Amino acid sequence: MVTGSQPNPCRNPIGDHLLLRAFKNKVDYCRIHGYDVFYNNVLLHPRMKSYWAKLPVVKAAMLAHPEAEWIWWVDSDALITDMEYKLPLDRYNYKGHNLVVHGWSKMIYEEKSWTSLNAGVFLIRNCQWSMDFIDVWANMGPISPDYKKWGVIQRSVFKDKLFPESDDQSALIYLLFKDRRLTDKIYLEGEYYFEGYWVEIVPTYANITEKYTAMEREDGTLRRRHAEKVSEQYAAFREPHLKDAGNGRWSWRRPFITHFTGCQPCSGDHNQIYAGESCWSGMVKALNFADNQVLRKYGFMHPDLLDSNTVTETPFDYPDEGPW
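Going along each chain's sequence as written, the residues are numbered from 1 onward. For this predicted model, a pLDDT threshold of at least 70 governs which residues receive local features, and a threshold of 80 or more governs which side-chain atom pairs are given and counted, while totals over whole chains, interfaces and linings are taken from all residues. The basis for every side-chain value is the complete set of non-hydrogen atoms in the structure, without hydrogens or water.

As named in an unreviewed UniProt entry, the chain is Galactosyl transferase GMA12/MNN10 family protein, taken from Linum tenue. UniProt, in its Subcellular location (unreviewed entry) section for the chain, records the words "Golgi apparatus membrane". According to its UniProt record, the chain has this under Sequence similarities (unreviewed entry): "Belongs to the glycosyltransferase 34 family." UniProt positions are given in the numbering used here, feature names are shortened, and annotations may be inferred rather than shown by experiment.

Here it is as structure tokens:
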């Protein structure tokens, strides 16, 4: 996993705290599943700033770790909220895909929308095709002499694009739009929350928690306190109970990644369609929702997702209420 943030302190008074907790969230997940994690907070190319900064970092990580078959970029504002779930890499290996993003073909080719995919979370195979593709992708960014022109072109195709500058997401969509053969190598993952929009996800946490608690009351195996190292096995034990849960929107399965797009926790310059408080309280809920899944292994949990300071001890057979 590769992630990162800006070199300077956050302008938002709580921004550095939120970023620290967001990184802890990713470290917890990587520890549970045996993944390496690299956090970068420097610009590796002086002109590739903001959303473009990830591409030089990802390419550098590919070169520094030739032993890694996949590099998984996760934005700093994307939080893992199903700590048991393991990336289904066999699905992407089956047909030899080299890049995986959350997106929908219809929205690219028919609706021509700049939100048809999200470039804030992606898997990229560590191979020569990917190296070459990153160069093509990056050449629609600030390093290109045609940078301003690319922004105009993107807005001419994607009428819902709100700002004039060429951005990494619109650039990737444009490349797919102009050459549909790229879908032979780029997998548009729309079957589960590879990353999901926080506004539709955060209100579901309470119902999901109730469903999972009821599941554990019924199944003593799931209630058993267990080591972190066997979390994937317990995910397999849980799966039969989730056969009717669905995936993605309107599902009661834990969302894999809750992405706080538009919130800008570091700068605080959130999209004006959201209240800042809804962004920050939503992030706290997501962090504690995920943290509860980790703390349960240690015998504790947050009883209130908005209260990060308070934890309560859980008995070994929680949530069974006895008598024992």
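**Student:** Whenever I open this one, the sheet that holds strand β9 (residues 257-259) confuses me. Can you help?
**Tutor:** Remark on secondary structure: sheet strands pair via backbone hydrogen bonds, oriented parallel or antiparallel. Taking strand neighbours across the sheet as the criterion, the 3 strands line up as β4-β9-β8 in an open arrangement whose pairing is mixed. The open sheet has two edge strands, β4 (78-80) and β8 (196-197), and neither has a second partner. In this scheme, strands are said to pair when DSSP sees at least two bridges between them. The helix and strand labels rest on DSSP assignments: H or I over at least four residues marks a helix, E over at least two residues marks a strand, and numbering proceeds from the N terminus. Alignment of β8 against β9, held across 2 bridges, turns out to be parallel. Looking at the pairing, glycine 196 lines up with threonine 258 of β9.

**Student:** Whenever I open this one, the pairing of strand β5 (residues 99-103) confuses me. Can you help?
**Tutor:** As a general feature of sheets, a regular strand has side chains that alternate between the two faces. Burial classes follow relative accessibility: with a 1.4 Å probe on protein chains only, a residue under 20% of its type's maximum area counts as buried, one over 50% as exposed, and anything between as partly exposed. Most of β5 sits out of view: 5 of its 5 residues are buried. The two faces of β5 match: Leu99, Val101 and Gly103 on one face and Val100 and His102 on the other face are all buried.

**Student:** How should the packing of helix α2 (residues 54-64) against helix α5 (residues 128-138) be read in this particular structure?
**Tutor:** In helix packing, the relevant descriptors are the interaxial angle and the interaxial distance, both defined with respect to the helix axes. Note on geometry: axes are lines fitted to C-alpha atoms, helical ones only across the stretch in contact, with angles between N-to-C directions running from 0 to 180 degrees. Here α2 crosses α5 at 165°, and the two axes come no closer than 10 Å. Taken together, α2 and α5 sit at an angle that is classed as roughly antiparallel. In the packing of α2 onto α5, the handedness of the crossing is left-handed. Together, Leu55, Val58, Lys59, Met62 and Leu63 of α2 and Ser130, Met131, Ile134, Asp135, Trp137 and Ala138 of α5 make up the contact between the two elements. Asp, Glu, Lys and Arg are counted as charged, while Ala, Val, Leu, Ile, Met, Phe, Trp, Tyr, Cys and Pro are counted as nonpolar; the rest, among them Gly, fall into the polar class. Class assignment of the residues belonging to the contact of α2 with α5 gives a composition of 8 nonpolar, 1 polar and 2 charged. Convention used here: angles under 35 degrees read as roughly parallel, angles over 145 as roughly antiparallel, angles from 65 to 115 as roughly perpendicular, and any remaining angle as oblique. A clockwise turn of the near helix away from the far one marks a right-handed crossing, whereas an anticlockwise turn of less than a right angle marks a left-handed crossing. Pairs of residues are marked as contacts when any of their non-hydrogen atoms sit within 4.5 Å.

**Student:** Hey, could you run me through α2 in this one?
**Tutor:** An α-helical segment advances 3.6 residues per turn. Residues three or four places apart therefore align on the same side. Looking at α2, one finds that the buried residues are Lys54, Leu55, Pro56, Val57, Val58, Ala61 and Met62. If you follow the buried residues of α2, they end up packed against β1 (2-4), β2 (38-40), β3 (70-74), β6 (117-125), α5 and α7 (168-178).

**Student:** Teacher, can you tell me more about a nonpolar patch on the surface here?
**Tutor:** Think of a patch as exposed residues, more than 30% relative accessible area, with no salt bridge, where like charges cluster within 9 Å and nonpolar side chains (Val, Leu, Ile, Met, Phe, Trp, Tyr) cluster within 5 Å. In this description, accessible areas are obtained by the Shrake-Rupley approach with a 1.4 Å probe, and a residue is regarded as covered only by the protein chains that are shown. Salt bridges, as used here, are contacts in which a Lys or Arg side-chain nitrogen is within 4 Å of a carboxyl oxygen on Asp or Glu. A cluster of nonpolar side chains, Tyr197, Val199 and Ile273, forms an exposed patch at the surface whose accessible area comes to about 280 Å². Along the chain, the position of valine 199 falls in helix α8 (residues 198-201).

**Student:** Can you help me understand the pattern of salt bridges in this one?
**Tutor:** Pairing is possible between side chains that carry opposite charge, provided their charged atoms lie close to one another. Within the structure shown, the criterion is met by 22 salt bridges. Of the charged contacts, one joins glutamate 191 and arginine 91 as a salt bridge, the two residues approaching to 3.7 Å between their closest N and O atoms. You can see glutamate 191 sitting in the loop between β7 (186-189) and β8 and its partner arginine 91 sitting in helix α3 (residues 89-94), a full 100 residues away along the chain. Among the residues examined, glutamate 191 registers a relative accessible area of 51% and is labelled exposed.

**Student:** Is there a simple way to think about the packing of aromatic side chains in this case?
**Tutor:** Working definition: an aromatic ring pair is given by the centre-to-centre distance plus the angle between the planes. Only Phe, Tyr and Trp rings take part, Trp by its six-membered ring, and two of them pair if their centres are within 6.5 Å. Stacked means planes under 30 degrees apart, edge-to-face means over 60, and tilted covers everything else. Going through the model one piece at a time under the given rule, you end up with 22 aromatic pairs. Consider the rings of tyrosine 35 and tryptophan 72, whose centres lie 6.2 Å apart with planes at 85°: the pair is edge-to-face. Pair noted here: tyrosine 35 is in the loop between α1 (15-33) and β2 and tryptophan 72 is in strand β3, with a separation of 37 residues, a long-range link. Both residues of the pair, tyrosine 35 and tryptophan 72, belong to the buried class. Following the ring pairs from residue to residue traces out a cluster consisting of Tyr29, Tyr35, Trp72, Tyr85, Tyr192, Phe194 and Phe256. Look at NZ for Lys and CZ for Arg. If either is within 6 Å of the ring centre and within 35 degrees of the ring normal, a charge sits over the ring. Directly above the ring of tryptophan 150 sits lysine 149, whose terminal nitrogen or CZ lies 5.6 Å from the centroid. Its guanidinium or amino end placed over the ring of tryptophan 252, lysine 211 lies 5.4 Å from that ring's centre, counting from NZ or CZ.

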